[in-house]
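A look at the structure
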Amino acid sequence: MRPEQPYLSLMVLIATSLVCAVLGSIHAFSVFLEPLEIEFAASRTVVSLTYSLALVSLTCAVLIGPRFFARWSAASFILFVCTLAACGSLLAGMAGSLPVIWLGYSLIFGAANGLGYGFGLQIVAQVNPGREGMAMGIVTAAYALGAVLSPALFNLAIETRGFAAAMLSLAGVLVGVGVLGAALLHKAGAKFQAEKQMAAGRFSTAYGVPLLWLGYFAGVLAGLMVIGHAAGIAASLSPGMKTWMAPVIIAACNLLGSLIAGRLADRLPLAGVLAALALLTTVALAALAVFAGVTVLVVGLALVGFAYGGTIAAYPAAIAKLFGIEQSARIYGRVFTAWGCAGLIGPWIAGFLFDWSGDYRFALLTAASMGLISVLVVTVLFRRGRYSAM
């Protein structure tokens, strides 16, 4: 990058946000559940494996991706990611069985998703020194925006020609944003900087990484337990409410939380930002478990969505600031495995507790306790004053 031309940093931010917005459509997979059940005469449990396997593939890609980020120019890498994702979508669209969909969508598209999202987060941090939180928050918000906008578009494609049409359309969009994103990154002259080119960090990894992992795990587990069952929670706590509104409320506030928390991570002590987001999650979940009514439900879901979006934006920004940009990609990949674990077990735990108790109140209280654990972990992590001031 040429720092004397700041508009080039903006081009990198636009390019990565566009790509991540399309990749974020992976979190709209629920619209495919019923069509795939009908098409392949499969149970919901079997069809749901498609999304679960995609999350595993995504998580693994974020973990190993930093080994490849610096090998090509940013333009070449993002074009490769979008091409790989498009190939996975095409294969899924032409599949005649669920195992082939697992190969195309879960493995290939999921891996490309993790590579693109992880790369986007790290390169915008590198080209926006001092404003890492804001830049990462924008990319995270763009990723969330994809999950907000894509369900309606996927539904339109499904109603027209089924799951295959949705996958073929997704492949076409991926090719388009890949070419556009690559052109913008080429114009900016962007290239991911390897570790030896960057300044050293100021935070020990000996206990910092395990504690960050645990704090991130507890924080996102609380959010994902609710996000994975948003419609069911709405039906249970407020039967008169239209259940489709619950995930929409969460998704919209998720996006807002990503934007705001990223900016706060640049301006306020990191300990306060991370702890406040986890505490907000706890308070919102406890209120949902104890109080009834549509107003409490809407406000509670909005706060959970906001806190979750803020958490997934603030943690990568915190890692970049605590360990230094030169270690950020590698360490974030390790910490991000906490999200993968939470995504796999969180919704399952919520479902198990619902089956066991007959409603969602115990699940909500359990999720609230996870938020409290995150607060405690963050407090321990930043117990030394010189870190809390960073």
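Quick summary incoming for the structure in this document. (Residues numbered from 1 in each chain as written. Predicted model: local features only at pLDDT ≥ 70, side-chain atom pairs only at ≥ 80, totals over all residues. Heavy atoms only, no water.)

What follows covers the overall build of the protein chain. A tally of regular secondary structure across the protein chain gives 15 helices and zero strands. Its C-alpha atoms give the protein chain a radius of gyration of 20 Å, near enough to 21 Å, the size a compact globule of 390 residues would have. Structurally, the protein chain occupies a C-alpha span of about 55 × 50 × 30 Å along its principal axes. Residues counted as buried form 55% of the 390 residues belonging to the protein chain. Sequence separation of at least 24 residues holds for 83% of the intrachain contacts in the protein chain that already meet a minimum separation of 6. Carbon and sulfur atoms make up 70% of the accessible area of the protein chain, which totals about 15,600 Å². (Helix = DSSP H or I, 4+ residues; strand = E, 2+ residues; numbered from the N terminus. Rg over C-alpha atoms; globule rule 2.2 N^0.38 Å. Buried < 20%, exposed > 50% of the residue type's maximum accessible area, 1.4 Å probe, protein only. Contact = heavy atoms within 4.5 Å. Areas by Shrake-Rupley, 256 points an atom, 1.4 Å probe, with all protein chains shown as cover.)

Backbone geometry places Ala41, a non-glycine residue, at a positive phi of 50 degrees. With respect to the element layout, Ala41 can be found in the loop between helix 2 (33-40) and helix 3 (44-64).

Every disulfide links exactly two cysteines, by a covalent bond between their sulfur atoms. Under the definition given, this model contains zero disulfides. Looking at the unpaired Cys87, the closest cysteine sulfur is the one in Cys82, lying at 11 Å. (Disulfide = S-S within 2.5 Å.)

By convention here, two paired aromatic rings are described through the distance between centres and the angle between planes. The final tally for this structure, using the stated rule, is 19 aromatic pairs. Ring centres of Trp72 and Phe80 lie 6.2 Å apart, and the angle between their planes is 35 degrees; this geometry places the pair in the tilted category. Trp72 sits in the partly exposed class, given a relative accessible area of 39%. With 5.1 Å between their ring centres and 20 degrees between their planes, Phe336 and Trp339 make a pair best called stacked. Here Trp339 and Phe336 lie together in helix 13 (residues 325-357), a separation of three residues that amounts to about one turn. Of the two residues, Phe336 and Trp339, both sit in the buried class. By way of ring pairs, the aromatic residues Phe69, Trp72, Phe77, Phe80, Phe119 and Phe192 are connected into one cluster. (Phe/Tyr/Trp six-rings, centres within 6.5 Å; stacked < 30°, edge-to-face > 60°.)

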